[in-house]
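Here are the chains, one letter per residue:
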Amino acid sequence: VGRDAARIHRGDELTPRRDYDEDDVRVRPGRRNSRPRTKERPRHADAAGGFVTAVDRGRYTCLVGDSPVLAMRARELGRGSVVVGDEVALVGDMSGQPGSLARIVRIEPRRTLLRRTADDNDPYERVVVANADQLVIVTALANPPPRTGLIDRCLAAGYAGGLEPLLCLTKSDLATPDDLLARYAALGLAAVSTRRDSDPADLRERLTGRVSVLVGHSGVGKSTLVNKLVPDADRSVGVVSAIGKGRHTSTSVVALALPESGWVIDTPGIRSFGLAHVTPDDLLAAFPDLDDGTAACPPHCEHLSAADGCALDAWVTTTHADPARLDAYRRLLRSRATDDH
Ligand SMILES: Nc1nc2c(ncn2[C@@H]2O[C@H](COP(=O)(O)OP(=O)(O)OP(=O)(O)O)[C@@H](O)[C@H]2O)c(=O)[nH]1
Ligand SMILES: [Mg+2]
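These lines cover the structure that appears in this document, whether it is placed above or below.

**As for the environment of Glu 87**
Next up, step 1: Topologically, Glu 87 is positioned in strand E4 (residues 87–92).
Next up, step 2: Residue contacts for Glu 87: discarding those within four places in its chain leaves Gly 50, Phe 51, Arg 106, Ile 107, Glu 108, Arg 111 and Asn 131.

**Describing unusual backbone geometry**
Next up, step 1: The residue after Asn 143, namely Pro 144, is reached through a cis peptide bond having omega 0°.
Next up, step 2: As for its placement among the helices and strands, Pro 144 is situated in the loop between strand E8 (134–140) and helix H2 (148–161).
Next up, step 3: The residue Asn 131 is not glycine, and still its phi comes out positive at about 65°.
Next up, step 4: Considering the arrangement of structural elements, one finds Asn 131 in the loop between strand E7 (125–130) and E8.
Next up, step 5: Judged by its relative accessible area of 2%, Asn 131 falls in the buried class.
Next up, step 6: Its identity as a non-glycine residue notwithstanding, His 300 has a phi of 60°, on the positive side.
Next up, step 7: Relative to the assigned elements, His 300 resides in the loop between helix H6 (280–284) and helix H7 (312–319).

**Things to note about the packing of aromatic side chains**
Next up, step 1: All chains considered together, the criterion is met by 3 aromatic pairs.
Next up, step 2: When the ring of Tyr 159 is compared with that of Phe 287, the centres are 6.1 Å apart and the planes differ by 65°; the resulting orientation is edge-to-face. Of this pair, Tyr 159 sits in helix H2 while Phe 287 is found in the loop between H6 and H7, placing the two residues 128 residues apart along the sequence.
Next up, step 3: Its relative accessible area of 2% is what places Phe 287 among the buried residues.
Next up, step 4: An angle of 55° between the planes, with centres 5.4 Å apart, marks the rings of Phe 287 and Tyr 329 as tilted. On the criterion of sequence distance, the pair formed by Phe 287 in the loop between H6 and H7 and Tyr 329 in helix H8 (residues 323–335) is long-range, its members being 42 residues apart.
Next up, step 5: Three or more aromatic residues joined by ring pairs form one cluster here, namely Tyr 159, Phe 287 and Tyr 329.

**Here's the deal with the pattern of salt bridges**
Next up, step 1: With the rule as written, the count across this model stands at 11 salt bridges.
Next up, step 2: Between Glu 76 and Arg 103 there is a salt bridge, with the nearest N and O atoms lying 3.9 Å from each other. In this pair, Glu 76 sits in the loop between strand E3 (67–73) and E4 while Arg 103 sits in strand E5 (residues 102–107), placing the two residues 27 residues apart along the sequence.
Next up, step 3: By relative accessible area, which is 21% here, Glu 76 ends up partly exposed.
Next up, step 4: Among the salt bridges present, the one from Asp 197 reaches Arg 195, with a minimum N-O distance of 2.8 Å.

What counts, and where the lines are drawn
Residues numbered from 1 in each chain as written. Chains lettered and ligands numbered in written order. Predicted model: local features only at pLDDT ≥ 70, side-chain atom pairs only at ≥ 80, totals over all residues. Heavy atoms only, no water. Helix = DSSP H or I, 4+ residues; strand = E, 2+ residues; numbered from the N terminus. Contact = heavy atoms within 4.5 Å. Buried < 20%, exposed > 50% of the residue type's maximum accessible area, 1.4 Å probe, protein only. Phe/Tyr/Trp six-rings, centres within 6.5 Å; stacked < 30°, edge-to-face > 60°. Salt bridge = Lys/Arg side-chain N within 4 Å of Asp/Glu carboxyl O.

Encoded structure:
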């Protein structure tokens, strides 16, 4: 511990920019960092495993066993970001006492990754969460009104990152979910609807035992749901009239343990979900039934239309595959290229 503390004071604490906003700033190595990386870095065989539950200004809350530990990134991690849901290896002061600070020395391989770009023309990626099994696309049926463009875009990002999607339609006291449910049934999408004044039993059942991340516009009721699912969550809940004025009630990503088992991750409302990082092939992973049909496509086929040489239409005709599946795939492909966020 003494050695680690010394290193923190000597190096890492003096270069906080490397820990801070690593998603936004591409830090050029300064002179202080130009000394060659030592090959004899400790392997950290004694490191403890932790699960990142919150990130706030370069400080990471990690659950180690049952105890929350505050940590910073070790310089040796390089530029990659640590996000909520990451499984990490920690060394240093893990007492969890006020003022204590451990170091994250390794990010374990991620099983899934939810990413987005600020918009489609901005190739700069932001990682939202790691290792979530399920992407819960939270959409209010009214106030704010549903935006199917955003639903499609979230679906595309979820499929591309290996997350299973679930549509959660909130505020069913204000409008009926029937139209939207019918629209997404064709995509084979699982869906539940909820309302503030009743228990979200269907949703709870689908979350238990898994890691699920809630995404959606500001004001759709994500934190309201989290408060119902996790009785002591105490997430603050906003006033819809303030929404749309750039006011988001939740400002950071937080993972909360569900009472039975599993995790639910609350995120700040998003205005757009850029998909610059999603390729036609990424999306095809969500449509394995169409995969064979692409064999006759030209290299780098965008799979958007037969006019461009895409072989999928002809394949559907000859094999009697379900044309609705091709429509669903194309709809997600097109959602990458529209402005309707
Ligand atoms: N009528 C109705 N209002 C709801 C329902 N669920 C949530 N609300 C209200 O919607 C408003 C916004 O709820 P939040 O839970 O803060 O929304 P959020 O998605 O967490 O918003 P951000 O944190 O800004 O992303 C609050 O005033 C809630 O009381 C519902 O089922 N019906
Ligand atoms: Mg919120």
